[in-house]
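# Structural overview for review
Chain by chain, the residues:
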Amino acid sequence: MTDIRTLTYEELEQFLFSIQEKKFRAKQIWTWLWQRGVGSFEEMTDLSLALRSKLAEHFAFARTVIEQEVQSRDKTAKFALKLHDGLLIEGVLIPAGDRVTACVSSQVGCPLHCAFCATGTMGFTRNLHYAEIVDEYVLMNVRAKELYGNNITNIVFMGMGEPLLNFANVMTAIDKLTDPKGFGLSPTRITLSTAGVIKGIKALADRNFPCGLAISLHSADPAVREILMPVTEHNTLHDLQAALLYYHQKTGQRITFEYVLLSKVNDSLQAAEKLARYCRPFPVKINIIEYNETEDGIYHRSYPNQREEFIQYLKDHNMVVNVRQSKGQDIAAACGQLVKR
Ligand code: SAH
């Protein structure tokens, strides 16, 4: 049976017409699906019981559910979400002041095999449908209100998966989340993070992507980055830089680079110098991320003095640098640890 949420508005209208219902019912149903985010036909209380059961006869409601929830001492909450076919993905809520950031997944697993990332070790199972991405938001937003007394204010695509390898679904999910007649989130509060899929970055530029874009760079040295991130082989640093320049020229936006400091791998002053040089063509912000060591990992976080030197070098060269403290470590909710337990 078709999941009702895979229908277009026109298809929904046509279906209603075919069962002798008024067209405007489509608008009501659409509001329940894409503005209120209900999980069943029973909840559509302004429809007649007859219509609700007709809908249930013809369509499935492939709803995602919260399978498990773990809370961290620092109030970070991690969720295992079960998809209609039993597969699990993970989402995280990170409260900070008035903000609640939701970290969402875009795929079940990930095909990119970054050497330092725990998700990379689990391989790739399938893409998420846009409705499943919206489910992550809807389900975690209910919990955000209960846990923190606040709605989700920001969304980052930094959970499992590479969003630019599930381009169409991620774009549709963002449309649903930002539609003023939908969930109405501001695009400026959504950030898409990519390992550097060039084709996708160009496509974002061409559609004048209104959200934030973050690139997981982690090294500006081709040989080092190829070891850390095999995606570099077909998406070279050189071509990535050109794509980002194109992106900046098209959208006027600043580029955010994520940089996880790994001891003796990418944290030397020479590495900082290469990074500074790489950033020259466009305005950037660098997010320095504390590495969350994975159990079987061969990588380690940088020593504090090395880290300070690295950051100081960038600051001395007039770069905008943010340092991100790791959160939710006690529950393995930190980046790259989402499959650990
Ligand atoms: N595929 C996308 C989004 C998922 S990863 C991307 O690569 O951007 C989200 C971020 O977490 C990336 O910057 C990734 O490099 C980082 N990350 C992965 N494993 C990590 C770890 N163990 N510690 C800290 N950051 C990690």
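Please refer to the structure higher up on the page.
Values in this document were obtained by computation on a predicted structure and should not be read as measured data.

### Observations concerning the pattern of salt bridges
Counted according to the given criterion, the structure contains 16 salt bridges. Here Arg143 ties to Glu69 by a salt bridge, and the two come within 2.8 Å at their closest N and O atoms. Residue Arg143 is located in helix H4 (residues 130-148), and its partner Glu69 is located in strand E3 (residues 65-71); the two are separated by 74 residues in the primary sequence.

### What to know about the site of the ligand
Taken together, the neighbourhood of the ligand is formed by 19 residues, with Gly161, Ser193, Ser216, His218 and Asn292 sitting nearest. Take Glu162: an N or O atom from its side chain is 3.1 Å from a nitrogen atom of the ligand. Take His218: an N or O atom from its side chain is 2.5 Å from an oxygen atom of the ligand. In the complex, the protein chains occlude 96% of the 530 Å² of accessible area that the ligand would expose alone. Every element with two or more residues in the shell around the ligand is listed here: strand E10 (190-194) and strand E12 (255-261).

### Topic: the environment of Arg324
Here Arg324 shows up in strand E14 (residues 320-324). Residues Arg324 and Gln306 lie 18 residues apart in sequence; the distance between their C-alpha atoms is 16 Å. Once residues lying within four places of it in the same chain are set aside, the contact partners of Arg324 are Glu258, Asn287, Ile288, Ile289 and Glu290.

### A look at the nonpolar core
Ile4, Met44, Leu55, Leu93, Phe257, Ile286 and Leu314 are the most contacted members of the largest nonpolar core, which totals 90 residues. Among the elements that line this core, the one with the most residues is H4, at 10 residues. Both of domain 1 (2-60) and domain 2 (65-331) provide at least three residues apiece to this core. What Ile286 contacts, discounting residues up to four positions off in sequence, is Phe257, Tyr259, Leu275, Cys279, Leu314, Met319, Val320, Val321 and Asn322. Core analysis: the next-biggest nonpolar cluster, separate from the first, contains 14 residues, Cys114, Cys117, Val231 and Tyr299 among them.

Rules and cut-offs
Residues numbered from 1 in each chain as written. Predicted model: local features only at pLDDT ≥ 70, side-chain atom pairs only at ≥ 80, totals over all residues. Heavy atoms only, no water. Salt bridge = Lys/Arg side-chain N within 4 Å of Asp/Glu carboxyl O. Helix = DSSP H or I, 4+ residues; strand = E, 2+ residues; numbered from the N terminus. Near = heavy atom within 4 Å. Polar contact = N/O pair within 3.5 Å; in protein donor to acceptor, adjacent residues only side chain to side chain. Areas by Shrake-Rupley, 256 points an atom, 1.4 Å probe, with all protein chains shown as cover. Contact = heavy atoms within 4.5 Å. Core = buried A, V, L, I, M, F, W, Y, C linked by side-chain atoms within 4.5 Å. Buried < 20%, exposed > 50% of the residue type's maximum accessible area, 1.4 Å probe, protein only. Domains from an automatic or database assignment.

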